[in-house]
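Structural overview for review
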Amino acid sequence: MQSVSDIWSMILTRLREDLSETTIKTWFDETSVVALEANTLVLHCPNHFKRTNIQDRFLPSIEAGLKDIFSADISVRLLDDEGLRRYKDGEEQKPATLMESGEFTFETFVVGPSNRLACSAARAVADAPGKHYNPLFIYGDSGLGKTHLLYAIAHVIRQKNAGCRILYIKGDEFINDYIETVRSGRSMNEFRTKYREADLMLVDDIQFVAGKVETQNEFFHTFNALYESKKQIVLTSDRPPHEMAQLDDRLRTRFEWGLMVDVQPPVLETRVAILKNKAAQLGFQLPDEIAHYIADKITANVRQLEGTVKKIKAYRDLDGVEIDRETADRAIQDMSKSSEYSITPEGIVREVCRYFRIEEDQIRGQSRSRDCLNARQIAMYLIRRLTSLSLDDTGRLFGGRDHSTVYNSVGKVEKRMGTDSNFAGTIKAIITNINASK
């Protein structure tokens, strides 16, 4: 397991990809890592001027690096000398986890057609845990708000009952905890008590347990114990249970006992609302024109939308620039460089062609064969869904086709996915291949 010092070294290495060594030494030479607790990295910087600049200028990049390392949202806390003393002496409250911070609540969750059912189901669970939709299974691609809904459920339940035993864990953490318990020779009773006595169990990315025979067996018995005790279980995944090829049939049927709801990429109006809502949370107003411009560029991921707003605020506050298209483009490019989502339009075309066994010049050219037309429409759909390429630029990638052709192709694929489960499975399989090739 990496030490907290190793993690900080990895963050500095990531920062060096965009910053000069002089910049690193100037601003971070007096910064040291204190601890990594729950979902917060605690740092110490005695210099007020440097501490303020790190907070205002570099915090988004540090948090993006932590996101790359842990695949989870980790906040950063900077302490001065007095804060460090109080922290070490236990005179101040330890940093709240993201679940407890109040940042991810139903009030801050922007609802649209793509996530309305999931949000309503999550609210129903929060209002009456163990009585409706148990388990609640939320699935969809990364960055669409599944974890936000988990935190929102926990927030409501904790407000109603401060003594409620809430357990939040990621699927890979459950695996690691089980393996470490077996490896170290610790009592399995301790492990089982930790999970089976929870009043509310929230498991993020449950798909990771698929294929792990012993872990699945342990989770099966944990699930049964909680379910029979009428304790609420909420699971999230990047796909529905029937698409997890290595998932134990016993678990698959149990995951499908309650309610399964999906979250899709937000439509344009929802993306605009997310952008403006995040700007309001950060204390500034994002002009409608700029919000629409960004929403047209970033189509598939809420985290990238929110990260772009943070970047724009930093540019405005630190550089004094106007919030215009040039600033928005700069923020979008910076987010693309620091983002974990390194999917490119060229990579998508390559994977689609490999899947259908056709040549790239065919899909980019004028061929109207059925197979080629099908592959081309799918590639256009995936580029619009997985990248920030505009309709016009996407059309140019396919032999200079106009934006209306791309728009119609995307619409046809979306419509067919809603009526043809086999076709939808094909899209999922290609996305899996794209993610694996990054």
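Per chain, residue numbering runs from 1 following the sequence as it is written. Given that the model is predicted, a residue must reach a pLDDT of at least 70 before its local features are reported, and side-chain atom pairs must reach 80 or more before they are shown or counted; all residues, however, enter totals for whole chains, interfaces and linings. Calculation of side-chain values draws on the structure's entire complement of heavy atoms; hydrogens and water are dropped beforehand.

To continue, consider the sheet that holds strand E6 (residues 200-204). Two strands qualify as a pair provided that DSSP identifies no fewer than 2 bridges between them. Think of it this way: any DSSP run of H or I at least four residues long counts as a helix, any run of E at least two long counts as a strand, and we number them from the N terminus. If you walk across this open sheet you meet the five strands as E5-E6-E7-E4-E8, and the pairing is parallel. Each end of this open sheet is capped by a strand with a single partner; those strands are strand E5 (166-170) and strand E8 (259-262). Ignoring which end each strand starts from, the neighbouring axes of this sheet average 15° apart. Against the sheet, helix H6 (residues 116-127) makes contact with strand E4 (136-139), strand E7 (232-237) and E8, and its axis sits at roughly 140° relative to E8, the strand it touches most. Across the sheet, helix H8 (residues 171-184) touches E5 and E6, and the angle it forms with E5 is around 95°. The convention used is that axes are lines fitted to C-alpha atoms, helices contributing only their stretch in contact, and that angles between N-to-C directions extend from 0 to 180 degrees. Any two residues having at least one pair of non-hydrogen atoms within 4.5 Å are treated as being in contact.

A few words now on the packing of helix H18 (residues 370-386) against helix H20 (residues 403-419). Their axes nearest at 8 Å, the elements H18 and H20 cross at an angle of 95°. With respect to their mutual orientation, H18 and H20 come out roughly perpendicular. When H18 is examined against H20, the residues Asn374, Gln377, Ile378, Met380, Tyr381 and Arg384 are found in contact with a partner set consisting of Thr405, Val406, Ser409, Val410, Lys412, Val413, Glu414, Arg416 and Met417. In the scheme used here, Gly and all other residues not listed as nonpolar or charged are polar, with Ala, Val, Leu, Ile, Met, Phe, Trp, Tyr, Cys and Pro taken as nonpolar and Asp, Glu, Lys and Arg as charged. When the residues that make up the contact of H18 with H20 are grouped by side-chain class, the tally is seven nonpolar, four polar and four charged. Note that the term roughly parallel is reserved for angles under 35 degrees, roughly antiparallel for angles over 145, roughly perpendicular for angles of 65 to 115, and oblique for everything else.

The criterion is simple. A nonpolar core is a set of buried Ala, Val, Leu, Ile, Met, Phe, Trp, Tyr and Cys residues joined through side-chain atoms within 4.5 Å. For every residue, the accessible area obtained with a 1.4 Å probe (protein chains only) is divided by the maximum for its type, and the residue is called buried under 20%, exposed over 50%, and partly exposed between those limits. Judged by nonpolar contacts, the single largest core of 28 residues is most densely connected at Phe106, Leu136, Ile138, Leu149, Ile153, Leu202 and Val234. Of all elements in the fold, only H6, E4, helix H7 (146-160), E5 and E6 reach the threshold of two or more residues within this core. For this core, the leading source of residues is H7, giving eight residues.

Attention shifts here to unusual backbone geometry. The residue after Asn134, namely Pro135, is reached through a cis peptide bond having omega 5°. Positive phi outside glycine occurs at Tyr133, with the angle close to 55°. Relative to the helices and strands, Tyr133 resides in the loop between H6 and E4. Judged by its relative accessible area of 39%, Tyr133 falls in the partly exposed class.

On to the pattern of salt bridges, then. In the sections that follow, a salt bridge refers to a side-chain nitrogen of Lys or Arg positioned within 4 Å of a carboxyl oxygen of Asp or Glu. All told, the structure shown has 24 salt bridges when counted by the stated rule. Residues Arg192 and Glu218 are paired through a salt bridge, measuring 3.0 Å at the closest nitrogen-oxygen approach. Of the two residues, Arg192 sits in helix H9 (residues 188-196) while Glu218 sits in helix H10 (residues 213-228), which places them 26 residues apart along the sequence. Each of the salt bridges in this network shares a partner with another, and the network as a whole consists of Asp29, Glu30 and Lys50.

Once that is clear, we can look at the sheet that holds strand E1 (residues 32-37). With mixed pairing, three strands are arranged side by side in an open sheet as E1-E2-E3. Only two strands of the sheet have a single neighbouring strand rather than two, namely E1 and strand E3 (75-79). Ignoring strand direction, the axes of neighbouring strands in this sheet form an average angle of 25°. Pairing geometry for E1 and strand E2 (residues 40-44), over five bridges, is antiparallel. Its bridge partner lying in E2, Leu36 is registered against Leu41. In this fold helix H1 (residues 4-15) packs onto E1 and E2, with an angle of close to 115° to the strand it touches most, E1.

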